[in-house]
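Observations on the model geometry
Listed below are the residues making up each chain.
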Amino acid sequence: MKKTFNLENLDCANCAMKMENRVNKIDGVKKANFNFIMQKLVIEADDENFEKIMDEVVDVCKKVDYNCKIIRK
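Given the structure is predicted, the values throughout are model-derived calculations rather than measurements.

Their axes nearest at 10 Å, the elements helix α1 (residues 13–23) and helix α2 (residues 50–64) cross at an angle of 145 degrees. As α1 runs across α2, the sense of the crossing is right-handed. Here C15, K18, M19, R22 and V23 of α1 come into contact with α2, specifically with V57, V60, C61 and V64.

By size, the foremost hydrophobic cluster in this structure holds 23 residues, and its most contacted members are V23, L41, I43 and V57. Among the elements of the structure, β1 (2–8), α1, β2 (29–35), β3 (40–45) and α2 are those that each provide at least two residues to this core. Among the elements that make up this core, the one with the highest residue count is α2 (seven residues). With near-sequence residues (within four places) excluded, L41 lies in contact with K3, T4, F5, L7, A32, N33, F34, M54, V57 and I70.

Turning to α1, a few remarks are in order. Turning to α1, its buried residues are C15, A16, M19 and V23. In a view along the axis of α1, the buried residues occupy a sector of 100 degrees, so they form one face of it. Its buried side turned inward, α1 meets β2, β3 and α2.

The sheet contact formed by β2 and β3 spans six bridges and is antiparallel. Paired with N33 across the bridge in β3 is V42. Connecting β2 to the antiparallel partner β3 that follows it, the hairpin turn spans four residues, and Q39 within it adopts a positive phi of roughly 55 degrees.

Conventions and cut-offs
Residues numbered from 1 in each chain as written. Predicted model: local features only at pLDDT ≥ 70, side-chain atom pairs only at ≥ 80, totals over all residues. Heavy atoms only, no water. Axes fitted to C-alpha atoms, helices over the stretch in contact; angles between N-to-C directions. Helix = DSSP H or I, 4+ residues; strand = E, 2+ residues; numbered from the N terminus. Left-handed = near helix turned anticlockwise from the far one by under 90°. Contact = heavy atoms within 4.5 Å. Core = buried A, V, L, I, M, F, W, Y, C linked by side-chain atoms within 4.5 Å. Buried < 20%, exposed > 50% of the residue type's maximum accessible area, 1.4 Å probe, protein only. Arc of directions from axis to C-beta. Pairing = 2+ DSSP bridges.

In structure tokens, the structure reads:
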């Protein structure tokens, strides 16, 4: 499954790069791309565990930049 999420309060490109590197190491993530300029996350991950993976993505991102929010609809 591939989805795009909006990001809020992503303050720097370096943080985006750190998040991308860490998220790409999560089991079940096929590819993740954080776009600092567009404030977007595009993630491709296993369908059956997608929500669990996204919970882990949120945790990873909060550790890098506490103010950054992934808008999940």
